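# Observations on the model geometry
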Amino acid sequence: MGSPLVLLDVDGVLNPFERPGEEYHRHRCSPRGVTFRLWLNAGHGRMLLDLAERTGAEIAWASYWCEEANEWIAPRVGLPALPYVPIPQFPGAEEGVSLGAWKVRHVAAWVGDRPFVWFEDELDAAERLAGEDGVPPHLLVAVDPMEGLAAHHLDRAAEWIEALAR
Ligand SMILES: [Mg+2]
């Protein structure tokens, strides 16, 4: 078993659908010339880096933002550039796979044998992971996309990773 990972979604997790509190501020992000307006919390980076330090886990992006997250998201939330799951463009439902299943398939392939915590707002991700072969131990922490990532999510993650190490 490899060292643990903390996988991080962007939309619905770092960028909630509505502003949940005054620590969130509007940012314009324009990956490849397309502008999105996001709610981002500059305190998220510190919280996540504390979690990584405390547990010895490595943080990585698991988001359709892929490498664009390092340019557009990381500096605005106080994170360094991170490794990312390379999720190819969704081929479309005609390939017989849903958008959510496509992401899970690529996450499962990328983690290898490393246990992982995944902060994700897609409700079916846990079930979909259960349907993939050979997925290492994991904890799906479901984040309410109206609330965004909060301290209680990080506490759950820390407890789970620490229990894994025992
Ligand atoms: Mg999401």
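Residues numbered from 1 in each chain as written. Predicted model: local features only at pLDDT ≥ 70, side-chain atom pairs only at ≥ 80, totals over all residues. Heavy atoms only, no water.

### Considerations on the environment of Leu 79
- Checked against the element boundaries, Leu 79 lands in the loop between α3 (74-77) and α4 (99-111).
- Between the C-alpha atoms of Leu 79 and Gly 43, which are 36 residues apart in sequence, the distance is 9.6 Å.
- With residues up to four places along the chain from it excluded, the contact list for Leu 79 reads Leu 8, Gly 45, Leu 48, Leu 49, Ile 59, Trp 61 and Ala 74. (Helix = DSSP H or I, 4+ residues; strand = E, 2+ residues; numbered from the N terminus. Contact = heavy atoms within 4.5 Å.)

### Some words on the pattern of salt bridges
- Applying the stated criterion across every chain yields a total of 9 salt bridges.
- Between Glu 68 and Arg 32 there is a salt bridge; the shortest N-O distance is 3.4 Å. Of the two residues, Glu 68 is situated in helix α2 (residues 68-72) and Arg 32 in the loop between β2 (24-29) and β3 (36-41); the sequence distance between them amounts to 36 residues.
- What makes Arg 32 exposed here is its relative accessible area of 66%.
- Residues participating in the shared-partner salt-bridge network are Asp 9, Lys 103 and Glu 120. (Salt bridge = Lys/Arg side-chain N within 4 Å of Asp/Glu carboxyl O. Buried < 20%, exposed > 50% of the residue type's maximum accessible area, 1.4 Å probe, protein only.)

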